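Fold and contact review
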Amino acid sequence: MTIRDDHVLAGDLAAEAGERLLVLRKEEGFGDPAALRAKGDAGSHRFLMGALERLRPSDSVLSEEATQQERLASRRSTADRVWIVDPLDGTREFAEEGRADWAVHVALWERGALVAGAVALPAQGRTLSTAEPPVLPGPREGRPRIAVSRTRPPEFVQRLAYLVGADLVPIGSAGAKICAVLTGEVEAYVHAGGQYEWDSAAPVAVALAAGAHASRIDGSELTYNQDDPSLPDILVSLPGLAPTLLAGIRDLHR
């Protein structure tokens, strides 16, 4: 692995973790989804933690798969640099044959801001990274499309779609939803059903580097490496659509 800077490192680690997950998927098959999910989460976590410990030994790490004790032991609240990773985002989709809407997230937070990140979409054969941010799609005619959860789309997003004349598109992982905005499959992702920092840090880093809008649903800044890693809502969209969506959300919450 050639490491030139943090942007490249994030992309390399996300891509390699994704390749390992593809191999695991092929070797294990889909006969026992629960076991496949558990092995995928644990194996990807071990790889990323080992790689970061070796390659960035002075940095802290916040991982979804870390235990509460490990999170406390990382002393990340006083660290200048913290890697925020989701070893397998979209575990449900990973264990479903034929689904490609799952991801690996690797982001770096430094002194108050996300400074690098990558999202691997292994089953789609691509990795989006701040090393080479994607070019946002141009304006599209017709109704805007909003990515939502496959299994639990927030009721208010359904009302928002009606209000602004949008269509809802169910997609699996949060990373896959945000990447769908950046690649032109949808124009926005709106969520308010509860998330954590690792669900969005890497895709938000890439989205911001590409020039997309990313905020809380009230328009305030997304902040990371907080003592409480809960980050319950998010809006990511093409920049021209953000004012319409934020206005619609404000109207629904009056």
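Residues numbered from 1 in each chain as written. Predicted model: local features only at pLDDT ≥ 70, side-chain atom pairs only at ≥ 80, totals over all residues. Heavy atoms only, no water.

Basically, it comes down to this: UniProt positions are given in the numbering used here, feature names are shortened, and annotations may be inferred rather than shown by experiment.
Going by the annotation in an unreviewed UniProt entry, the name recorded for the protein is inositol-phosphate phosphatase, with Planomonospora corallina given as the source organism. Under the UniProt heading Catalytic activity (unreviewed entry), the note attached to the protein is "a myo-inositol phosphate + H2O = myo-inositol + phosphate".

1. Describing the sheet that holds strand S4 (residues 113–121)
Definition in use: DSSP bridges decide pairing: two strands pair if at least two such bridges lie between them. Under the scheme used here, helices are H or I runs from DSSP no shorter than 4 residues and strands are E runs no shorter than 2 residues, and both carry numbers assigned from the N terminus. Fitting a line to C-alpha atoms yields each axis, with helices limited to the stretch in contact; the angle taken between N-to-C directions then spans 0 to 180 degrees.
The five strands lie next to each other as S1-S2-S3-S4-S5, forming an open sheet whose pairing is mixed. Whereas interior strands pair on both sides, the edge strands pair on one side only; in this sheet they are strand S1 (60–63) and strand S5 (126–129). Within the sheet, the average angular offset between the axes of one strand and its neighbour, ignoring direction, is 15°.

2. Looking at the pattern of salt bridges
Spelled out, the test is: Every case where a carboxyl oxygen of Asp or Glu lies within 4 Å of a side-chain nitrogen of Lys or Arg is listed as a salt bridge. Any residue under 20% of the maximum accessible area for its type is buried, any over 50% is exposed, and the rest in between are partly exposed; the area is computed with a 1.4 Å probe on protein chains only.
The tally for this structure, following the rule as stated, stands at 17 salt bridges. For Arg 81, the salt bridge is made with Asp 6, and the minimal N-O distance between the two is 3.0 Å. Pair noted here: Arg 81 is in strand S2 (residues 81–89) and Asp 6 is in helix H1 (residues 6–28), with a separation of 75 residues, a long-range link. In this pair, the class of Arg 81 matches that of Asp 6, namely buried. The shortest N-O distance in the salt bridge between Arg 140 and Glu 187 comes to 3.7 Å. Taken as a pair, Arg 140 in the loop between S5 and strand S6 (145–149) and Glu 187 in the loop between helix H6 (174–183) and strand S8 (188–191) lie far apart in primary sequence, 47 residues in all.

3. Let's talk about the pairing of strand S10 (residues 234–237)
The alternating pattern of S10 places Ile 234 and Val 236 on one face and Leu 235 and Ser 237 on the opposite face, and all of these are buried. Relative to S10, S8 is paired through four bridges, and the arrangement is antiparallel. When the sheet's bridge partners are listed, Tyr 189 is paired in S10 with Val 236. Bridge count between strand S9 (residues 213–215) and S10: three bridges; the pairing is antiparallel. Residue pairing across strands places His 213 opposite Ser 237, the latter belonging to S10.

4. Section: the side chain of Glu 93
Inclusion rule: Any pair of residues with heavy atoms lying within 4.5 Å of one another is described as a contacting pair.
Checked against the element boundaries, Glu 93 lands in helix H4 (residues 91–94). When residues no more than four places from it in sequence are discounted, the contact partners of Glu 93 are Arg 25, Arg 99, Asp 101, Trp 102, Arg 150, Gly 172 and Ser 173.

5. Remarks on H6
For an α-helix, the turn length of 3.6 residues means that residues three or four places apart are oriented alike. Counting buried positions over the 10 residues of H6 gives nine, a clear majority of the element. Along H6, the positions that sit buried rather than exposed are Ala 174, Gly 175, Ala 176, Lys 177, Ile 178, Cys 179, Ala 180, Val 181 and Leu 182. At the exit of H6 stands Gly 184, carrying a positive phi of roughly 90°.

6. Things to note about the sheet that holds S9
With mixed pairing, five strands are arranged side by side in an open sheet as S7-S6-S8-S10-S9. Two strands close off the open sheet at either side, each with one partner strand: strand S7 (167–171) and S9. Pairs of neighbouring strands in the sheet enclose a mean axial angle of 20°, with direction left out of account.

7. Concerning the packing of aromatic side chains
Where we set the bar: Aromatic rings from Phe, Tyr and Trp, with only the six-membered ring used for Trp, were paired whenever their centres fell within 6.5 Å, and each pair was classed as stacked if the ring planes differed by under 30 degrees, edge-to-face if by over 60, and tilted otherwise.
As enumerated under the stated definition, the model contains two aromatic pairs in all. Arranged with centres 4.9 Å apart and planes meeting at 75°, the rings of Phe 94 and Trp 102 form a pair that is edge-to-face. Residue classification places Trp 102 among the buried residues on the basis of a relative accessible area of 0%. Pairing Tyr 196 with Trp 198 gives two aromatic rings, centres 5.1 Å apart and planes at 15°, and the pair type is stacked. The class of Trp 198 is buried, set by a relative accessible area of 4%.

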